[in-house]
Amino acid sequence: MKLTQYIRDNLAWVIDGEGQSRDELLHALSERVHAASSGIATETLYKALLEREGKGSTATPEGVALPHAMLDGITENFVAVALVRGGVDFQSPRVKSVDLVFMLIGPANQAWEHIRILARLARICHDPSGLARLRDAEDGADLYERLTAEDGRHV
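Residues numbered from 1 in each chain as written. Predicted model: local features only at pLDDT ≥ 70, side-chain atom pairs only at ≥ 80, totals over all residues. Heavy atoms only, no water.

Caption draft 1: Main features of the pattern of salt bridges. Per the counting criterion, the structure on display carries nine salt bridges. Here E113 and R116 are joined by a salt bridge, their closest N and O atoms 3.1 Å apart. Residue E113 and its partner R116 are located together in helix α3 (residues 111-125), separated by three residues, close to a single helical turn. A relative accessible area of 18% means that E113 is categorised as buried. For R116, a relative accessible area of 33% gives the class partly exposed. Residues joined in a network through salt bridges with shared partners are D127, R133, E150 and R153. (Salt bridge = Lys/Arg side-chain N within 4 Å of Asp/Glu carboxyl O. Helix = DSSP H or I, 4+ residues; strand = E, 2+ residues; numbered from the N terminus. Buried < 20%, exposed > 50% of the residue type's maximum accessible area, 1.4 Å probe, protein only.)

Okay, here's the thing in structure tokens:
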């Protein structure tokens, strides 16, 4: 399985996270997803992401977060990615700051596919050299290209 079918070029951003909280970042990303997809209400996505984070932080020791939500009314899975300059505290005891955020949004009735995509993201995020390449992205288009290249490097 490859991520390329789930990654959208208009859902990759390099943003300034300086001074933002986790919740502010998730709200800002929810707004960006809404603007790019128009089918997902900002507040619906934001509340679903907060609910998931309330069960336990999705931040990893590598400085990556994988917030995700399964929503009614969505017909396909997709991934949004943000490189957060300055990082954000994701309220995890394991990591102080997160600077790469992979947001997975999918249909409520496709739990198995959702898990498979999360597993694929986790494999990519476990490679320190790949993460370094992603962190060197200049802008959203560059981040998208780098992520699709990293996806291609993994079996």
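Caption draft 2: Local environment of the environment of T75. Topologically, T75 is positioned in the loop between β3 (68-71) and β4 (78-88). Along the primary structure T75 and A108 are separated by 33 residues, whereas in three dimensions their C-alpha atoms are 8.9 Å apart. If sequence neighbours within four positions are ignored, T75 has contacts with P107 and Q110. (Contact = heavy atoms within 4.5 Å.)

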